[in-house]
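Descriptive analysis of the structure
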Amino acid sequence: MDGDIKESYPGQEPTPTVAIEKLFGKSFEAPRLDNNSLIPVGGGSIFTNEMDISVVGDFENLQEVLQEMHDNTGIYNLPELKKWLDSQGIGLDEKLFAYLFSFTKILEKRYPSSLEVQPARQQAYSKAKNGEVKLSELFANNTVACAEIAALAQYYLQQEGVESRYFSGAVLWDKQLEFAEEHSFIVIPQGEHQLLFDPMNPTNTTQGLFPSIYTTSANFDQEVRRRQKRFVPATNVLSKKQAYYGVNNGTKVSEMNVVA
């Protein structure tokens, strides 16, 4: 899709579409999100794999919060943070953890979660001109879900020089569940394996909300490219709880679809 241009209307400038790698079902991965590009966030029909609902990533209008996240990272004492990570048995780079921690804390401060998000979010997309809505408007109205939050996280990490990828896929919170939840998150390459950062669902601790960072024993990149329903076990580095991230087509999931 690299270079694709959405159809334009009289008096409207064409909007470039984010370059994506299509995976199984509606799942896809985007290595980069550019300012003012169209980011697919969903499909209007349960009967096709078409992603025909998009948000305009007008990140230029979110620079204030992005700058606050950047500035907040500078307040952390990295040597002390490394000591704490080591004491918790968390083998993560302290600078990376600082970036993700800063994103989580500023997001919580600026846009506290609300149970009323989904109806208002759906209404915003349904009323949007030409089926498009601006990312900044959704954040301003605090009507954001995983797709929009992950988009902001991806752009933030890009600005900080962190290699990461926006992933639109699915998650099973328990492998006994019959159906997975469509979900967007961030993939961060770490050598032969990958970290998964779930910015929508921070980890609740006695010291407040911390970033939800998952490690995987299987190679996530390889498993989600098998052109089939696939879920990879992932362990939260803080809570040690397990979840299963991957790709799906909206149909029932069995244990055969979960990587052993």
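Described in the following lines is the structure provided in the data block. All of these numbers come straight from a predicted model, not from anything done at the bench. (Residues numbered from 1 in each chain as written. Predicted model: local features only at pLDDT ≥ 70, side-chain atom pairs only at ≥ 80, totals over all residues. Heavy atoms only, no water.)

1. Some thoughts on the sheet that holds strand β3 (residues 38-42)
Within a sheet, neighbouring strands are paired by backbone hydrogen bonds and run either parallel or antiparallel to one another. Spatially, β3-β4-β5 is the arrangement adopted by the three strands of the open sheet, whose pairing is mixed. Whereas interior strands pair on both sides, the edge strands pair on one side only; in this sheet they are β3 and β5 (132-134). Strand after strand, the sheet turns through a mean of 35° between neighbouring axes, direction not considered. Bridge count between β3 and strand β4 (residues 53-56): four bridges; the pairing is antiparallel. Of the residues in β4, the one forming a bridge with I39 is V55. Here helix α4 (residues 117-127) sits on the sheet in contact with β3, β4 and β5, set at roughly 90° to β4. (Pairing = 2+ DSSP bridges. Helix = DSSP H or I, 4+ residues; strand = E, 2+ residues; numbered from the N terminus. Axes fitted to C-alpha atoms, helices over the stretch in contact; angles between N-to-C directions. Contact = heavy atoms within 4.5 Å.)

2. A look at the nonpolar core
The biggest cluster of nonpolar side chains holds 52 residues, and the ones touching the most others in it are F103, F139 and Y166. Counting 17 residues, the second largest nonpolar core, distinct from the first, contains L23, V224, Y245 and V259. (Core = buried A, V, L, I, M, F, W, Y, C linked by side-chain atoms within 4.5 Å. Buried < 20%, exposed > 50% of the residue type's maximum accessible area, 1.4 Å probe, protein only.)

3. Structural notes on the packing of aromatic side chains
Applying the stated criterion across every chain, the model contains 17 aromatic pairs. Pairing F103 with F197 gives two aromatic rings, centres 6.1 Å apart and planes at 85°, and the pair type is edge-to-face. Taken as a pair, F103 in helix α3 (residues 94-110) and F197 in strand β8 (residues 193-197) lie far apart in primary sequence, 94 residues in all. Centre to centre, the rings of F167 and F220 are 5.2 Å apart; their planes meet at 65°, and the pair counts as edge-to-face. Of this pair, F167 sits in strand β6 (residues 165-172) while F220 sits in helix α7 (residues 220-223), and the two are 53 residues apart along the sequence. Like F167, the residue F220 is buried in the burial classification. (Phe/Tyr/Trp six-rings, centres within 6.5 Å; stacked < 30°, edge-to-face > 60°.)

By themselves, these are just geometric observations and shouldn't be taken as functional.
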